[in-house]
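Below, each chain spelled out in residue letters.
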Amino acid sequence: MNKFSFTGSPILYLVGTPIGNLEDISLRALRILKEVKKIYCEDTRTSSVLLKYYDITTPLESYHNYNEEEKAQAIIDFIKAGNDVALISDAGNPIISDPGFKLVDLAIKNDIAITTIPGPSAFTSAFETANMPFPFLFYGFLKPKQQERENELAELKYIKGSLIFYEAPHRLLDTLNSIIKVLGDRDVYLARELTKKFEEHYYMKASELLTKANLKGEMVLIVKGYEEDLLEEQDRFKLIEEQIKLGLKTNAAIKEVANMLKLDKKELYKEYVAYKTQQE
Ligand code: SAM
């Protein structure tokens, strides 16, 4: 068990910063960024724009995905020497699809006090305007390679909550195609350039959004959860199980039911495997 106290010990602050509009930062965040001994960030050029805007002169140092391992230990040593530090990312909250995981892990293992200075995150902001049902599952970025991405989506297919993804503009078209292929042509919502000058919100079917897939900028994509009438589907699975009880092997039972209901055998096989996995 790890337990830490805030009295007198140095603190690692995880500070939320704007996702576009520089005014979206708390008074406490600004005070802490002024008071700490050092601020760790992803790209010092990006973060110095924010610090300059608020006349913050605290030393800034980089901490990103490709130096996270070695840098985390050095930061822990710096904190242990009695220094408060802040971790920020290029936008939004650290850790949320951004570096910081390793640092928090090491801080906990070293009994270092950690606290958060809450700020905006692109996915919570997008969910507010999305008009999508609860619960939601925040997934972050899907894998860039098609097969890996589609495997990830297949795992998410039967989740009834809204699915929230971060996406890079140059991959939107591929991602939408994979979504239609694996999840079906569902209702989607796209938040583009939140809090910025060219902010836009799209509410439509995935296939319709495909026609706008040359969109630029930063975007959050939210896909409505699984909605098919589960009873109807479970009836199919019941039929398969009945065939198995009658002595057929699983594959043959699926083939039999697929023929019976004029369904695609491969699709039914995939659905049945996913259903069984969910039951385990
Ligand atoms: N840590 C950030 C947070 O708390 O939201 C997310 C960082 S992640 C590396 C960057 C992704 O967040 C972008 O590719 C985009 O999907 C999303 N994003 C960031 N800012 C956004 C904005 N202003 N509007 C829409 N999406 C945004």
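As the structure is a computational prediction, the values presented were derived from the model and not from experiment. (Residues numbered from 1 in each chain as written. Predicted model: local features only at pLDDT ≥ 70, side-chain atom pairs only at ≥ 80, totals over all residues. Heavy atoms only, no water.)

Engineer: Please set out the packing of helix 10 (residues 250–261) against helix 11 (residues 265–279) residue by residue, giving values where relevant.
Structural biologist: The relative placement of two packed helices comes down to the angle between their axes together with the axis-to-axis distance. Across the interface, helix 10 lies against helix 11 with an axial gap of 9 Å and an inter-helix angle of 125 degrees. Accordingly, the angle class assigned to the pair helix 10 and helix 11 is oblique. Relative to helix 11, the crossing made by helix 10 is right-handed. Residues Thr-250, Asn-251, Ile-254, Lys-255, Val-257 and Ala-258 of helix 10 pack against Lys-265, Leu-268, Tyr-269 and Tyr-272 of helix 11. For the contact of helix 10 with helix 11, a count of residues per class yields six nonpolar, two polar and two charged. (Axes fitted to C-alpha atoms, helices over the stretch in contact; angles between N-to-C directions. Helix = DSSP H or I, 4+ residues; strand = E, 2+ residues; numbered from the N terminus. Parallel < 35°, antiparallel > 145°, perpendicular 65-115°, else oblique. Left-handed = near helix turned anticlockwise from the far one by under 90°. Contact = heavy atoms within 4.5 Å. Nonpolar A, V, L, I, M, F, W, Y, C, P; charged D, E, K, R; others polar.)

Engineer: Describe the sheet that holds strand 10 (residues 219–223), naming the residues involved and giving the relevant values.
Structural biologist: The strand order across the open sheet formed by five strands is 6-7-10-8-9, and the pairing between neighbours is mixed. Of all the strands in the sheet, the pair left with one neighbour each is strand 6 (136–141) and strand 9 (200–205). The sheet shows a mean angle of 15 degrees between the axes of neighbouring strands, taken without regard to direction. Across five bridges, the pairing between strand 6 and strand 7 (residues 162–167) is parallel. Residue pairing across strands places Leu-137 opposite Leu-163, the latter belonging to strand 7. Along the sheet, helix 7 (residues 172–183) contacts strand 7, strand 8 (187–192) and strand 10; its crossing angle with strand 10, the most-contacted strand, is approximately 5 degrees. (Pairing = 2+ DSSP bridges.)

Engineer: Any details on the packing of aromatic side chains? Residues and values, ideally.
Structural biologist: Per the counting criterion, the structure on display carries 14 aromatic pairs. An aromatic cluster is defined as three or more aromatic residues linked by ring pairs; in this entry it consists of Phe-123, Phe-127, Phe-134, Phe-136, Phe-138, Phe-141 and Tyr-166. Above the plane of the ring of Phe-78 lies Lys-38, whose end atom (NZ or CZ) is 4.5 Å from the centre. (Phe/Tyr/Trp six-rings, centres within 6.5 Å; stacked < 30°, edge-to-face > 60°. Lys NZ or Arg CZ within 6 Å of the ring centre and 35° of its normal.)

Engineer: I'd love a proper account of the pattern of salt bridges, names of residues and values included.
Structural biologist: Per the stated rule, a full pass over the model turns up 18 salt bridges. Between Lys-205 and Asp-187 there is a salt bridge, with its nearest N and O atoms 3.1 Å apart. A residue pair is termed long-range when its members are at least 10 positions apart, and Lys-205 in strand 9 and Asp-187 in strand 8 qualify at 18 residues. The residue Glu-267 makes a salt bridge to Lys-270 at a minimum N-O spacing of 3.5 Å. Of this pair, Glu-267 and Lys-270 are both found in helix 11, three residues apart, which corresponds to roughly one turn of the helix. On the accessibility criterion, Glu-267 (31% relative accessible area) is partly exposed. Each of the salt bridges in this network shares a partner with another, and the network as a whole consists of Asp-187, Lys-205, Lys-224 and Glu-227. (Salt bridge = Lys/Arg side-chain N within 4 Å of Asp/Glu carboxyl O. Buried < 20%, exposed > 50% of the residue type's maximum accessible area, 1.4 Å probe, protein only.)

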